[in-house]
Amino acid sequence: MISIAIDGPSGAGKSTIARMVAKDLGYLYVDTGALYRTIGLYAVRKGVDPEDENGVSALLPELDIRLTHENGVQQVYLLGENVSEEIRRPEMSKAASNVSRHPAVRAYLLETQRKLARENNVLMDGRDIGTVVLPDAQVKIFLTASAEKRAERRYKEQIAKGDHSQTYEQVLEAVIQRDYNDSHRAIAPLKQAEDAVLADTSELDLEQSVQLIKDIIREKCAAL
Ligand code: DC
């Protein structure tokens, strides 16, 4: 099986780019952030503060999270309920980032992610795929862009969805805060794997970014 790991901060365009490239290659696209978002959602629904390590850890045995792919689109089920839309709400980003700091949460999700990679050719996106989840991935890419560009893209996406709950400045502040949380947590922090290729999309549009990632994969695979 072939595994391609794409890591990087939020809003670098990872999921859009990864989805398009995976489709092109005929690989299974796995958005691992959705798993953390689902645990964040469950904690919020249960009235547990996502920052409360013991509280969140105690919820894990109750969970049943499944990823399915329907017409090539990843869907997430929490205890049988499709929560794919709900986990995209802006407040779920923070909840996901907070629950993702807890070692028990990361351990809980590790096997789910590895199993998908054992059974399929995958293009998996996240924060620690190349460093922790799939250290033997054949291709590792660290995809990033400046915080301002990422905030701008996220803000435009929210407006396009009719969501006017945040200003650009608030989105930027949330991006910076989340980068900090994700790269300073003690366990599996966001960082570029030593053997990952850096792809900076600050000055690239979507089509150019997709092309860049395809070129990196082609080059790496030719060298295998
Ligand atoms: O990619 P995303 O924005 O959906 O991710 C939500 C949060 O989940 C992110 O702030 C950090 C966490 N996460 C993680 O810790 N490890 C991953 N592999 C993916 C996401």
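You'll find the structure just up there.
Note that the structure is a prediction, hence the values are computed from the model and not measured.

(A) How the structure looks around the packing of aromatic side chains. Under the defined criterion, the tally for this structure stands at one aromatic pair. Ring centres of Tyr-155 and Tyr-168 lie 6.2 Å apart, and the angle between their planes is 80 degrees; this geometry places the pair in the edge-to-face category. Of the two residues, Tyr-155 sits in helix H7 (residues 147-160) while Tyr-168 sits in helix H8 (residues 168-184), which places them 13 residues apart along the sequence. Under the relative-accessibility criterion, Tyr-155 is labelled partly exposed at 27%.

(B) Region of the structure containing the site of the ligand. Close contacts around the ligand come from 16 residues, with Arg-37, Arg-106, Arg-127, Arg-178 and Arg-185 the closest. The contact in question runs from a nitrogen atom of the ligand to an N or O atom on the side chain of Thr-32, over 3.0 Å. In the model, an oxygen atom of the ligand is placed 2.6 Å from a nitrogen or oxygen of the Arg-37 side chain. Protein coverage of the free-state accessible area of the ligand, which is 450 Å², stands at 96%. Elements that contribute at least two residues to the shell around the ligand include exactly helix H2 (33-45), helix H4 (90-99) and H8. Looking at the shell around the ligand, the element that brings in the most residues is H2, giving three residues. For the shell around the ligand, the residue count by class is three nonpolar, five polar and eight charged.

(C) The nonpolar core, seen in detail. Ile-39, Met-124 and Leu-134 are the most contacted members of the largest nonpolar core, which has 35 residues in total. Here Ile-39 is in contact with Val-56, Leu-60, Leu-63, Ile-65, Val-99, Val-105, Tyr-108 and Leu-109, once residues within four sequence places are set aside. If you look at the next biggest cluster of nonpolar residues, it comprises 18 residues, including Ala-12, Val-139, Ile-216 and Ile-217.

(D) Representation of empty space enclosed by the protein within the structure. Throughout the structure, instances matching the rule amount to one cavity of 30 Å³ or more. Lining the largest cavity are Ala-5, Asp-7, Gly-130, Lys-140, Ile-141, Phe-142, Lys-191, Gln-192, Ala-193 and Ala-196. Sorting the residues of the lining of the largest cavity by element identifies strand E1 (3-7) and strand E7 (139-144) as the ones contributing at least two each. Tallying contributions element by element places E7 first for the lining of the largest cavity, with three residues. Taken together, the residues that form the lining of the largest cavity break down as five nonpolar, two polar and three charged.

(E) Inspection of the side chain of Asp-31 at higher detail. For Asp-31, the location among the structural elements is in strand E2 (residues 28-31). Among the polar contacts listed, one links the side chain of Asp-31 to the backbone nitrogen of Gly-33, at a separation of 3.1 Å. At 2.9 Å, the side chain of Asp-31 forms a polar contact with the side chain of Arg-88. Apart from the residues within four sequence positions on either side, Asp-31 is in contact with Gln-74, Arg-88 and Asp-125.

(F) Quick peek at the pattern of salt bridges. Counted by the stated rule, this structure contains 18 salt bridges. In this structure, Asp-128 engages Arg-106 in a salt bridge whose closest nitrogen and oxygen atoms are separated by 2.8 Å. Of the two residues, Asp-128 sits in the loop between strand E6 (122-126) and helix H6 (129-133) while Arg-106 sits in helix H5 (residues 103-119), which places them 22 residues apart along the sequence. Given a relative accessible area of 3%, Asp-128 falls into the buried group. Asp-195 is the partner of Lys-140 in a salt bridge, and the nearest nitrogen-oxygen pair spans 3.2 Å. Separated by 55 residues along the polypeptide, Lys-140 in strand E7 and Asp-195 in the loop between H8 and strand E8 (197-200) bring together distant segments of the chain. Judged by its relative accessible area of 45%, Asp-195 falls in the partly exposed class.

(G) Just helix H9 (residues 206-222), in detail. End to end, H9 covers 24 Å across 17 residues, agreeing with the expected 24 Å (1.5 Å per residue, within 8%). Where H9 begins, the capping side chain belongs to Asp-205, and its oxygen is found 3.2 Å from the backbone nitrogen of Glu-207.

(H) A look at the sheet that holds strand E5 (residues 81-82). Taken in spatial order, the three strands line up as E3-E4-E5 in an open sheet, and their pairing is antiparallel. Of all the strands in the sheet, just strand E3 (65-70) and E5 have a single pairing partner and so form its edges. Where E3 meets strand E4 (residues 73-78), six bridges bridge the pair, whose relative direction is antiparallel. Within the sheet, the bridge partner assigned to Thr-68 lies in E4 and is Gln-75. Strand contacts of H2: E3, E4 and E5, with the helix running at about 30 degrees to E4, the strand carrying the most contacts.

Cut-offs applied
- Residues numbered from 1 in each chain as written.
- Predicted model: local features only at pLDDT ≥ 70, side-chain atom pairs only at ≥ 80, totals over all residues.
- Heavy atoms only, no water.
- Phe/Tyr/Trp six-rings, centres within 6.5 Å; stacked < 30°, edge-to-face > 60°.
- Helix = DSSP H or I, 4+ residues; strand = E, 2+ residues; numbered from the N terminus.
- Buried < 20%, exposed > 50% of the residue type's maximum accessible area, 1.4 Å probe, protein only.
- Near = heavy atom within 4 Å.
- Polar contact = N/O pair within 3.5 Å; in protein donor to acceptor, adjacent residues only side chain to side chain.
- Areas by Shrake-Rupley, 256 points an atom, 1.4 Å probe, with all protein chains shown as cover.
- Nonpolar A, V, L, I, M, F, W, Y, C, P; charged D, E, K, R; others polar.
- Core = buried A, V, L, I, M, F, W, Y, C linked by side-chain atoms within 4.5 Å.
- Contact = heavy atoms within 4.5 Å.
- 1 Å grid on protein atoms, 1.4 Å probe; cavity = no way out; pocket = protein on both sides within 12 Å on 5 of 7 lines; lining within 4 Å.
- Points joined across faces, edges and corners; volume = space filled by probe spheres on them.
- Salt bridge = Lys/Arg side-chain N within 4 Å of Asp/Glu carboxyl O.
- Expected span 1.5 Å × (residues − 1).
- Pairing = 2+ DSSP bridges.
- Axes fitted to C-alpha atoms, helices over the stretch in contact; angles between N-to-C directions.

Function-wise, these values are silent; they only describe arrangement.
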